[in-house]
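Coordinate analysis (summary)
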Amino acid sequence: MGHAEALSVAFQKATKVYPGADHPAVNELEVDVPAGEICVFVGPSGCGKTTAMRMVNRMVDITEGDILVGGTSVRERSPSDLRREIGYVIQQTGLFPHRTIAQNIATVPGLLGWDGDRVEARVRTLLQLVSLDPELADRFPAQPSGGQQQRVGVARALAADPGVMLMDEPFGAVDPINRERLQNEFLRLQAEVQKTILFVTHDIDEAIKMGDRDAILREGGILAQYATPAELLMAPADDFVEDFVGADRALKRLALLRVADIDLWKAPLAFVGQATAEVRAKLEGAEVPHALLVDSERRPLGWLSETDLQQELVPATPDISPEPVIDRDDVMRDALSDVLQHETMYAPVVDAEGRIGGVLSVEIISEFLGSKEALSEEHAAVERPTE
Amino acid sequence: MTVLAAKSLMVADAANKCAPGLPANFCHHHETTGCVAGNGLFCFGWAADNFDRYVGPFFRHFEIVAISVVAGFVIALALALYSHRHRALVPPLLGATGVLYTIPSVAFFFLLLPITGLGLWTAVIPLTAYTLQIIYRNTLAGLANVPADAKDAGRGMGMSERQLLRRVELPLATPEIVAGLRIAIVSTVAIATLAFLAGAGGLGDPLYAQPTFKTNIIMVGVLTIAMALILDLIVVLAQRFAMPWQRARSR
């Protein structure tokens with residue numbers, strides 16, 4: 001499906017002073033967001049990140065300076081027209097409880113006066129795009145879970161195919177496990193739709209994971225650094241950024257890397273009903289010293305124990321659960337945390353269809369942490385914890 | 001005061017002829033029935049024979065209630081919507097509708113009598129005034145309780161203030177608006193039994209014509225309660241039909 005052209009967003013000394021306030025909430029902000037990139041505004045509370053974002057669609061009016069969307073000043077646009085061209089996602093979802101999910105998604109197309117057939121087709125496409133069951137279309141938003149509600153929120157923001165999306169802590173109210181999944185899903189979605197996205201969060205880990213570039217703001221709405229996550233981690237501009245990014249920068253760098261980007265290990269695969277002798281033979285000299293039972297679609301079912309392998313044929317129910325199963329689109333930091341939580345050494349890595357692609361081991365991760373890749377800059381070496 | 005005096009004279013006069021409180025022309029058909037003569041708790045035979053004398057007042061009562069509540073609802077809603085966007089008007093409007101609400105109904109009727117004379121409007125004006133406070137207050141509360149994130153999302157997607165009001169705020173405020181409407185209906189049905197004092201008729205007419213005849217009192221009471229319940233039920237059913245998301249939520 002075709003998508004509208006993404007638009008660049010340029011903050012030009014954009015300043016906001018609230019009436020009666022002594023200091024600006026956003027102070028001469030200069031940020032250029034190239035079309036199709038995710039820019040994360042991150043900083044402590046009171047740093048003006050949400051205000052900065054809301055100036056783009058004029059939910060907050062600019063006091064001084066300007067913001068150009070696609071080269072046109074937002075000050076020259078009528079707020080209603082501007083907002084209908086900019087997707088808007090907020091933390092509490094802001095879904096309308098009295099409208100069905102389909103009606104919620106169709107809000108902006110409705111305001112733009114699309115005809116019924118076009119709206120209906122669009123809603124169907126969007127439900128699929130955000131991996132929501134089409135059955136949900138006629139339900140009310142109070143019914144689905146928090147994660148699904150936020151998917152509806154994203155679908156609603158994408159409805160009229162905007163060139164820019166504003167997302168204010170979109171995954172802030174979701175539990176950590178679902179947040180990780182939603183983040184991965186959103187990155188996959190973004191790879192497809194390639195919108196220009198302004199994303200607000202207070203969570204530096206989320207900023208590192210989600211942003212093509214991160215704008216770190218400090219109190220008073222002053223830009224501390226605008227750089228790619230890798231630059232932020234390796235060359236923080238000042239003490240504030242260094243503090244904000246945190247002492248565990250080497251670990252954080254794991255968030256820059258996807259599981260799919262590294263060389264995984266291979267485990268001997270076993271199928272139900274196979275002779276265990278064959279499996280035992282494959283185990284000799286294998287990278288992973290355990291056999292992984294998979295179904296006919298090569299989806300992991302579990303690890304075979306010694307007792308499993310004592311039998312003549314491979315049993316259908318293995319002794320050891322395959323958990324955690326890692327998504328190959330996960331970032332390494334999340335994968336490591338999953339592995340550590342399950343107190344295991346190995347975790348199967350699967351693709352979007354759930355098929356096995358390799359095995360992640362704790363050893364791979366620790367090798368990576370000690371490798372040149374992770375420590376390529378002097379800063380990192382200094383930060384390295386003494387052993 | 002003249003109306004009350006006339007009523008009590010009639011009652012006193014009737015007392016000589018048959019059971020206390022019954023007019024003379026009323027008793028001679030029924031002298032044989034012990035129930036009516038003895039003013040029993042509820043005389044079914046008499047009630048069945050005389051049901052038609054309540055039909056007219058019942059519909060007149062309904063007419064008074066309907067006009068008052070509809071007029072009150074329209075005025076209060078308009079005031080609430082206007083002051084929702086002009087917050088400075090809220091305290092004076094709450095005060096004004098509150099003052100109207102505190103005027104005793106009988107006094108209100110007699111205050112209006114010299115201006116509007118005996119008749120429907122002398123009853124409808126006070127009854128309308130009483131509904132204002134209830135509906136106005138509830139509508140404001142309903143609008144104030146609309147989730148801030150829904151309003152923010154609506155504005156952020158490019159709704160005008162009018163579109164936001166119609167598509168988001170009013171529907172979400174409806175449960176509280178309807179709650180106010182229900183209180184207004186039930187209290188108006190009750191107060192309208194005094195509308196006969198304004199010369200407007202209604203179920204107060206038969207009630208005060210024979211205020212000591214128990215069967216009569218019970219008939220009027222039952223009809224008044226029935227009207228309140230039926231109107232309330234209609235509103236509840238309409239609300240359930242119009243707001244499916246509420247059913248979905250409570251399921």
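Structure shown above.
Now for a description of the structure that goes with this document. (Residues numbered from 1 in each chain as written. Chains lettered and ligands numbered in written order. Predicted model: local features only at pLDDT ≥ 70, side-chain atom pairs only at ≥ 80, totals over all residues. Heavy atoms only, no water.)

Right, let's talk about the sheet that holds strand β14 (residues 326–327) of chain A for a bit. The 3 strands lie next to each other as β14-β15-β16 (chain A), forming an open sheet whose pairing is mixed. Looking at strand neighbours, the two that pair on one side only are β14 and β16 (356–361) of chain A, the edges of this open sheet. (Pairing = 2+ DSSP bridges. Helix = DSSP H or I, 4+ residues; strand = E, 2+ residues; numbered from the N terminus.)

Turning next to the sheet that holds strand β7 (residues 164–168) of chain A. All names here are of chain A. Across the sheet, 6 strands lie side by side as β6-β7-β8-β3-β9-β10; this open sheet has mixed pairing. At either margin of the open sheet sits one strand with a lone partner, and together these are β6 (86–90) and β10 (222–227). Neighbour-to-neighbour, the strand axes of this sheet turn through a mean angle of 15°, independent of strand direction. Pairing of strand β3 (residues 38–42) with strand β9 (residues 213–218) involves 4 bridges; the strand directions are parallel. Bridging across to β9, Val-40 finds its partner in Asp-214. (Axes fitted to C-alpha atoms, helices over the stretch in contact; angles between N-to-C directions.)

Attention shifts here to helix α6 (residues 146–158) of chain A. With 13 residues, α6 of chain A extends 19 Å between its outermost C-alpha atoms, agreeing within 8% with the 18 Å of an ideal straight helix rising 1.5 Å per residue. For α6 of chain A, the full list of buried residues reads Gly-147, Gln-149, Gln-150, Arg-151, Val-152, Gly-153, Val-154, Ala-155, Arg-156, Ala-157 and Leu-158 of chain A. (Expected span 1.5 Å × (residues − 1). Buried < 20%, exposed > 50% of the residue type's maximum accessible area, 1.4 Å probe, protein only.)

Take the pattern of salt bridges next. All names here are of chain A. This model, assessed by the stated rule, comprises 22 salt bridges over all chains. In this structure, Asp-61 engages Arg-58 in a salt bridge whose closest nitrogen and oxygen atoms are separated by 3.1 Å. You can call Asp-61 partly exposed: its relative accessible area is 40%. Between Glu-297 and Arg-355 there is a salt bridge, with the nearest N and O atoms lying 4.0 Å from each other. Of this pair, Glu-297 sits in the loop between β12 (292–294) and β13 (300–303) while Arg-355 is found in the loop between β15 (346–350) and β16, placing the two residues 58 residues apart along the sequence. Its relative accessible area of 39% is what places Glu-297 among the partly exposed residues. Each of the salt bridges in this network shares a partner with another, and the network as a whole consists of Asp-205, Lys-209, Arg-333 and Asp-334. (Salt bridge = Lys/Arg side-chain N within 4 Å of Asp/Glu carboxyl O.)

Ring pairs (aromatic) are described by centroid distance and by the angle formed between their planes. Taken as a whole and judged by the stated rule, the model has 12 aromatic pairs over all chains. Here Phe-42 of chain B and Phe-44 of chain B contribute two aromatic rings whose centre-to-centre distance is 4.8 Å and whose plane-to-plane angle is 80°, an arrangement assigned as edge-to-face. Judged by relative accessible area, Phe-42 of chain B falls into the partly exposed class, the value being 24%. Site record: aromatic cluster; members linked through ring pairs are Phe-171, Phe-186 and Phe-199 of chain A. The residue whose ring lies beneath Arg-118 of chain A is Trp-114 of chain A, and the NZ or CZ to ring-centre distance is 3.6 Å. Across from the ring centre of Phe-96 of chain A, 4.9 Å away, lies the NZ or CZ of Arg-156 of chain A, which sits over that ring. (Phe/Tyr/Trp six-rings, centres within 6.5 Å; stacked < 30°, edge-to-face > 60°. Lys NZ or Arg CZ within 6 Å of the ring centre and 35° of its normal.)

Ranked by internal contacts, the top residues of the largest apolar core, which has 99 residues, are Phe-11, Phe-41, Ile-67 and Phe-186 of chain A. Ranked by residue count, the leading element in this core is helix α10 (residues 161–191) of chain B, at 6 residues. When neighbours within four sequence positions are excluded, Phe-11 of chain A is seen to be in contact with Leu-29, Glu-30, Val-31, Phe-41, Ala-52, Val-56, Asp-66, Ile-67 and Leu-198 of chain A. (Core = buried A, V, L, I, M, F, W, Y, C linked by side-chain atoms within 4.5 Å. Contact = heavy atoms within 4.5 Å.)

Let us now look at the layout of surface pockets. Rolling a probe over the atoms, with the probe sized like a water molecule, indicates the empty space that remains. All names here are of chain A. Of the voids in this model, the largest pocket is the one considered here, and its volume is about 670 Å³. Residue lining of the largest pocket: 25 residues in total, with Ile-177, Glu-180, Arg-181, Asp-330 and Asp-338 positioned closest to the centre. With 9 residues, the top contributor of residues to the lining of the largest pocket is helix α7 (residues 176–193). Split by residue class, the lining of the largest pocket holds 6 nonpolar, 5 polar and 14 charged. (1 Å grid on protein atoms, 1.4 Å probe; cavity = no way out; pocket = protein on both sides within 12 Å on 5 of 7 lines; lining within 4 Å. Points joined across faces, edges and corners; volume = space filled by probe spheres on them. Nonpolar A, V, L, I, M, F, W, Y, C, P; charged D, E, K, R; others polar.)

With that settled, the discussion passes to the packing of helix α5 (residues 52–85) of chain B against helix α8 (residues 120–144) of chain B. A pair of packed helices is captured by two measures, namely the crossing angle of their axes and the spacing between those axes. All names here are of chain B. One way to put it is that α5 packs onto α8 with a least axis distance of 6 Å and a crossing angle of 40°. In terms of orientation, α5 lies oblique with respect to α8. Here α5 runs over α8; the crossing is right-handed. (Parallel < 35°, antiparallel > 145°, perpendicular 65-115°, else oblique. Left-handed = near helix turned anticlockwise from the far one by under 90°.)

Counting across every chain of the model gives 2 cavities of 30 Å³ or more. Computed from the structure, the largest cavity encloses a volume of approximately 50 Å³. In this structure, the largest cavity is lined by Arg-84, Ile-86, Gly-87, Tyr-88, Val-108, Arg-156, Ala-157, Ala-159, Ala-160 and Pro-162 of chain A together with Met-157 of chain B. Secondary structure elements with two or more residues in the lining of the largest cavity: β6 and α6 of chain A.

For the structure shown, the criterion picks out 1 disulfide over all chains. Disulfide partner of Cys-35 of chain B: Cys-43 of chain B, at an S-S distance of 2.0 Å. Classification of the bridge connecting Cys-35 of chain B and Cys-43 of chain B rests on its S-S torsion, roughly -90°, and on that basis the disulfide is left-handed. We classify Cys-35 of chain B as partly exposed; its relative accessible area is 28%. Lacking any disulfide linkage, Cys-39 of chain A is separated from the closest cysteine sulfur, that of Cys-47 of chain A, by 12 Å. Residue Cys-39 of chain A is classed as buried on the basis of its relative accessible area of 0%. For Cys-47 of chain A, a relative accessible area of 0% gives the class buried. (Disulfide = S-S within 2.5 Å.)

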